[in-house]
Amino acid sequence: MPLYENKPLAPPPELNLDPSKHGKKQIWVIPYSNEVFVNYRDYLNRIAFYKKSQWQCAVTGKQGLTYEEAIENEKKHREQLKKFPRGLKQQILQMVQFSTDRLDVLANQIFDKYNEEFTIGEYVTIKNEREGKKRSKGKIIDVKTSVAPVEGSKGKSSKTKRSVSTAQTTIYRVQMLDKQGNSVQQVAKNGSHKNLIRTFNGGENLSRNKLAFNKTLIRLFIKQSTTKDTYLHAPWVVKEDLAKKYKVITKLPDDLKKAKDEAREKSRKRKGKAIQGGPSKKTKVSKGANTRIRGDDDQKGVKKGTASATRGKRTSASKKQSKSTISKEQAKKAAEKKRQKEREKKKRETERKKEKERKAKEREVQKRLKAEQKRAKYPTEDLDVPLDRNLPSKRPHIVLDFKIPQKYIGTFLMTWNFFTVFGKPLGISFLTLDDLELSFYHNIIQPRCTLVIEMHAALLNAIIRDRLQSKSKKRQPIPRVAPALRDQINGPDDMDVDDRKSVLASREVLERFAKTWDKRVISSKDLRKGWECVLIGCLYQMGTYETIPNVDRILSHLAPIDSFSASEEDFEGYFATLEVADKLQIMEFLINNVAKTTLIHEHIEGCVSRQTELNKEKNEIAKERKQIANSLAEIDKTNINVTRGKGKDRSDVDESIVSRKRNLEEEEVALQKREENVDREKRRYALPRTNPMGRDRFYNKYYYFDEVGLVVNERYGAGRILVQSPSSRELADVLTETGRQKYNKRRKIEESIGSEEAQWGYYEDPEQVDDLLKWFNEKGQRELLLKKEIISRLSDIKSGMVKRMQDIVASRKSAEVRRSRRTQATKALLSQQPYMKWFNKFAK
């Protein structure tokens, strides 16, 4: 029955669904709970209660279901449990009983152990080796275990003694079945018919239905057959009726019983503290009340004392008696003071002893800690590793001279990574990180920078196509009045004309472009003519202060107040003279909008499906390589046996073995190449998120981008290892106050990346990478993993760095040759730059 708030709902009373029992009354029935209601409001309330998504499946524990969904889920999994092999239930329950492992770990252990063990009465599938992939069915009728001796020699010489061990094998007798499930019969020599029975040594050629025995079913079987307490590391306990049925031991071991008692004692103490802490305030109040009552009694006593004193003045006997009582009280006070001093003296002595014992314990603890530090186990926390004299004391110098401002390097790298991964569906060819960096600084109209034009045209076309293909109504242009435009409408009269031109934008131009920018895509036939006008219209209609912080300043630069009669070349010149930060903000805005289009979503789905296909292919290659390895091992064994034999046939056998081994080795080499191609193909279809290779002792992240998308088949993409320093927020989450002091001290000694937050740098020289690997200390956890990761990619990293440096040197030499010729112009020099030679092969 489904659970509500982790408790089973009280079962409904047995109701008769016969309408005649209710007479002519109108009734309402809930079919999946078998409840009948005479009152319609009660029926609706019950239906609403059952439709809450707060029910839980009692078999699987799945939550967030309705009552009907929970019932269907229970029926489905109970039907699956009926197929569970009965012969394995006893062994599995004995293995589960009193185990403290997690459910998934326990299921994995059981599956690995009993996956190839079968029981009597179980239906199996038989693999026929002679017939290739054809398979037949059968039913196990008998299972026996046999023990066979296995000889093994001790020592290298032939005269040494041989040790004899035993190996246990399982023999299965299987009744063969036809496709209809009937037993297959064979005709004997005497003409009688007998059932066809085959014998198998082990379960290698046998397999069961995967729906009858898998990890999911094992978890369901354990959940249904056991109970578990709520305290930490509580064991799984088989239910009493199943334990009796399958003869499972029910007595709890002593160590588990002790842990259970300790857990109960801790919970009892917590409950006791909670009970004591509750009424403490009430006791204080009652004490206060008692003190007030006692105070009243004292006042009454004082009054009584004064009355008796007045009466005592009248008699002399009462005076003598009062003097004697006063002397006794003084003696009592003196004795009490003496005892108080003695108690304080003893208390001080005990405190001194405790302080001495505490200091002695602290000394022992410090000695033990120092001894443990001497024999510390590595790898450990990187900052706890002492400085090694054999390693370089300072980290290799890191290059920080990005042309892009440090604040926008993250946006810059995101832009390049986006074009690298989604370049093909967008219609953009491969471009290097250096080309992209230089293109942002291109600030003249002639010669035109094809890379800048094609990037913006591709992003704008993706947005326009998505808007044209959407069936919903087009988004109406939002009338937005920037602060500069407000000044234009209600601006001060004393503003200078030059200042007005430098600050304000032309509202007429912006509204004109906003109406026409998404009517058609930017064509490549006319060299993307009018792309800057489309960009201005898109920014004006879709841009907000949240997506583009400097949107007003950018629009006032792209469409100044005197641009009503400007030409397309003028608008292209306005864009070229924008600041690099503004260009990066525009690029980030366009990429964020393109990422929401169906074009990108379909490409991601295609990449995911392609990745699954490649993973399957890689698994098949691994299986084939395993088979080849087994075959080579068998050949080695047979070769040993042949060398012991004698005769003429020995040479023929040797030749056949050698030829077979050569063929297998060639197949292994071909599989290795095929696996490398699969890995390269997987990198081409990788998703845009790029994870760091690791962190060093100062929590700096190391990135290598030349491994995904269009970069895979190219010479290099970034050609560098990029390093990002941690921010103060990241360090606050990782380090304590003492850890921060140690961090700053080590950082000053070993010269980390710098004091600026989230600062970016890079290594571009292969020799620097070698020095960096020497600087890493393998005793630290983070640097050990980082060093292994860099070494695994070291050949690709160094080859990319070398090719990038060669291209940079070649471009500098050509520039120097051009400068020596005085007849060549500056524009010709600029056109020879690598980013100006970029050509779009995928233009749409």
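All of these numbers come straight from a predicted model, not from anything done at the bench. (Residues numbered from 1 in each chain as written. Predicted model: local features only at pLDDT ≥ 70, side-chain atom pairs only at ≥ 80, totals over all residues. Heavy atoms only, no water.)

Enquirer: Quick rundown of the overall build of the protein? Include the residues and the values.
Expert: Summing up its helical and strand segments, the protein has 27 helices and 18 strands in all. Buried residues in the protein amount to 34% of all 844 residues. Considering only contacts in the protein between residues 6 or more positions apart, those separated by 24 or more positions represent 67%. Total accessible area on the protein stands at roughly 55700 Å², and carbon and sulfur atoms take up 50% of it. (Helix = DSSP H or I, 4+ residues; strand = E, 2+ residues; numbered from the N terminus. Buried < 20%, exposed > 50% of the residue type's maximum accessible area, 1.4 Å probe, protein only. Contact = heavy atoms within 4.5 Å. Areas by Shrake-Rupley, 256 points an atom, 1.4 Å probe, with all protein chains shown as cover.)

Enquirer: Quick rundown of the sheet that holds strand S15 (residues 694–695)? Include the residues and the values.
Expert: Sheet architecture is open: four strands sit in the order S15-S16-S17-S18, paired in antiparallel fashion. Two strands close off the open sheet at either side, each with one partner strand: S15 and strand S18 (760–763). Pairing analysis gives two bridges linking S15 to strand S16 (residues 701–703), with the strands arranged antiparallel. In the sheet register, glycine 694 faces S16, and the bridge partner there is tyrosine 702. (Pairing = 2+ DSSP bridges.)

Enquirer: Before we move on, can you summarise the environment of arginine 135 with the specific residues and values?
Expert: Relative to the helices and strands, arginine 135 resides in strand S7 (residues 135–153). Expressed as a C-alpha distance, the spacing of arginine 135 and leucine 206, which sit 71 residues apart in the sequence, is 10.0 Å.

Enquirer: Tell me about the sheet that holds strand S5 (residues 55–56), and please be specific about residues and values.
Expert: Spatial ordering of the open sheet is given by S2-S1-S5, a layout of three strands whose pairing is antiparallel. Each having just a single partner strand, strand S2 (7–8) and S5 make up the two edges of the open sheet. Pairing between strand S1 (residues 3–4) and S2: two bridges, direction antiparallel. Opposite leucine 3, over in S2, you have proline 8 as the bridge partner.

Enquirer: I'd like to hear about the packing of aromatic side chains, residue by residue, with values.
Expert: One pass over the structure, following the stated rule, counts 27 aromatic pairs. When the centroid spacing of 6.3 Å and the interplanar angle of 75° are considered together, the rings of phenylalanine 412 and phenylalanine 440 count as edge-to-face. One end of the pair, phenylalanine 412, is in helix H10 (residues 409–426); the other, phenylalanine 440, is in the loop between helix H11 (433–439) and helix H12 (450–469), with 28 residues separating them in the sequence. Geometrically, the ring pair formed by phenylalanine 698 and tyrosine 743 is edge-to-face, given 5.8 Å between the ring centres and 80° between the ring planes. Of this pair, phenylalanine 698 sits in the loop between S15 and S16 while tyrosine 743 sits in helix H23 (residues 737–750); the two residues are 45 residues apart in sequence, bridging distant segments of the chain. In this pair, the class of phenylalanine 698 matches that of tyrosine 743, namely buried. In this structure an aromatic cluster arises from ring pairing among Tyr4, Tyr32, Phe49, Tyr50, Trp55 and Tyr67. Taking the ring centre of tyrosine 378 as reference, the NZ or CZ of lysine 779 above it sits at 5.0 Å. (Phe/Tyr/Trp six-rings, centres within 6.5 Å; stacked < 30°, edge-to-face > 60°. Lys NZ or Arg CZ within 6 Å of the ring centre and 35° of its normal.)

Enquirer: Just give me the short version of the environment of phenylalanine 842, but keep the residues and values in it.
Expert: Tracing the sequence through the fold places phenylalanine 842 in the segment after helix H27 (826–831). Ignoring any residue separated from it by four or fewer positions in sequence, one finds phenylalanine 842 in contact with Lys424, Gly427, Ile428, Ser429 and Leu710.

Enquirer: How would you summarise the pairing of strand S17 (residues 721–724) if you had to cite specific residues and measurements?
Expert: Because side chains alternate across S17, one face comprises the buried residues Ile721 and Val723, and the other comprises Leu722 and Gln724, equally buried. Examined bridge by bridge, S16 and S17 share three bridges and lie antiparallel to one another. Within S17, the residue paired with tyrosine 703 across the bridge is leucine 722.

Enquirer: Pulling in residues and values, what's your account of the pairing of S18?
Expert: Side-chain positions along a regular strand alternate between the two faces of the sheet. Residues Trp760 and Tyr762 point to one face of S18 and Gly761 and Tyr763 to the other, with burial holding for every one of them. Strand direction decides the pairing type here: S17 and S18, joined by four bridges, are antiparallel. By the bridge assignment for S18, leucine 722 is matched with tyrosine 762.

Enquirer: Which residues make up a positive patch on the surface, and what values go with them?
Expert: Taken together, the side chains of Lys345, Arg348, Arg352, Lys353 and Lys356 present a region of like positive charge at the surface. You can see lysine 353 is positioned in helix H9 (residues 316–374). For lysine 353, a relative accessible area of 57% puts it in the exposed group. (Patch = residues over 30% accessible without salt bridge, like charges linked within 9 Å, V, L, I, M, F, W, Y side chains within 5 Å. Salt bridge = Lys/Arg side-chain N within 4 Å of Asp/Glu carboxyl O. Lys, Arg positive; Asp, Glu negative; His and termini not counted. Charge placed at Lys NZ, Arg CZ, Asp CG, Glu CD.)

Enquirer: Any details on the side chain of serine 556? Residues and values, ideally.
Expert: Among the secondary structure elements, serine 556 is positioned in helix H17 (residues 551–558). Engagement of the side chain of serine 556 in a polar contact is seen with the backbone oxygen of arginine 553, the distance being 2.7 Å. (Polar contact = N/O pair within 3.5 Å; in protein donor to acceptor, adjacent residues only side chain to side chain.)

Enquirer: Talk me through the pattern of salt bridges; I want residue IDs and the actual numbers.
Expert: Counted under the stated rule, the structure contains 33 salt bridges. Residue lysine 742 pairs with aspartate 384 through a salt bridge whose shortest N-O separation is 2.8 Å. Residue lysine 742 is located in helix H23, and its partner aspartate 384 is located in the loop between H9 and H10; the two are separated by 358 residues in the primary sequence. Residue class for lysine 742 comes out partly exposed when judged on its relative accessible area of 36%. You can call aspartate 384 partly exposed: its relative accessible area is 44%. Between arginine 697 and glutamate 783 there is a salt bridge whose closest N-O contact spans 2.6 Å.

Enquirer: Go over unusual backbone geometry with me, naming the residues and quoting the values.
Expert: The bulk of non-glycine residues show a negative phi, and the bulk of peptide bonds are trans. A cis geometry characterises the amide bond from glutamine 446 onward to proline 447, with omega recorded as 0°. At histidine 233, a position not held by glycine, the phi torsion is positive, near 60°. Structurally, histidine 233 can be placed in the loop between strand S13 (226–228) and strand S14 (236–238). You can call histidine 233 exposed: its relative accessible area is 60%. The backbone of arginine 528 sits at a positive phi, close to 55°, despite the residue not being glycine.

Enquirer: Lay out the packing of helix H3 (residues 89–96) against helix H5 (residues 215–225) with the relevant residues and their values.
Expert: Remark: H3 packs on H5, axes separated minimally by 11 Å, with the N-to-C direction vectors making an angle of 70°. Taken together, H3 and H5 sit at an angle that is classed as roughly perpendicular. Between H3 and H5 the crossing geometry is right-handed. When H3 is examined against H5, the residues Lys89, Ile92, Leu93 and Val96 are found in contact with a partner set consisting of Phe221, Ile222 and Ser225. Tallied by class, residues from the contact of H3 with H5 come to five nonpolar, one polar and one charged. (Axes fitted to C-alpha atoms, helices over the stretch in contact; angles between N-to-C directions. Parallel < 35°, antiparallel > 145°, perpendicular 65-115°, else oblique. Left-handed = near helix turned anticlockwise from the far one by under 90°. Nonpolar A, V, L, I, M, F, W, Y, C, P; charged D, E, K, R; others polar.)

Enquirer: Which residues make up H12, and what values go with them?
Expert: Relative to the 28 Å expected for 20 residues at 1.5 Å per residue, H12 spans 28 Å between its end C-alpha atoms, a close match to the ideal helical length. Burial within H12 is extensive, with 15 of its 20 residues counted as buried. (Expected span 1.5 Å × (residues − 1).)

Enquirer: Provide a residue-level description of the nonpolar core, including the pertinent values.
Expert: One finds Leu426, Leu431, Leu459, Leu539, Leu590 and Leu722 to be the most contacted residues of the largest nonpolar core, which totals 79 residues. The element contributing the most residues to this core is H12, with eleven residues. Each of domain 3 (382–399 + 690–820) and domain 4 (406–480 + 496–596) contributes no fewer than three residues to this core. Dropping the residues within four chain positions of it, leucine 590 is found in contact with His456, Leu459, Leu460, Ile463, Leu535 and Cys538. Counting residues in each nonpolar core, the second largest holds 39 residues, with Phe49, Trp55, Phe213 and Leu217 among its members. (Core = buried A, V, L, I, M, F, W, Y, C linked by side-chain atoms within 4.5 Å. Domains from an automatic or database assignment.)

In short, shape yes, function no, at least from these values alone.
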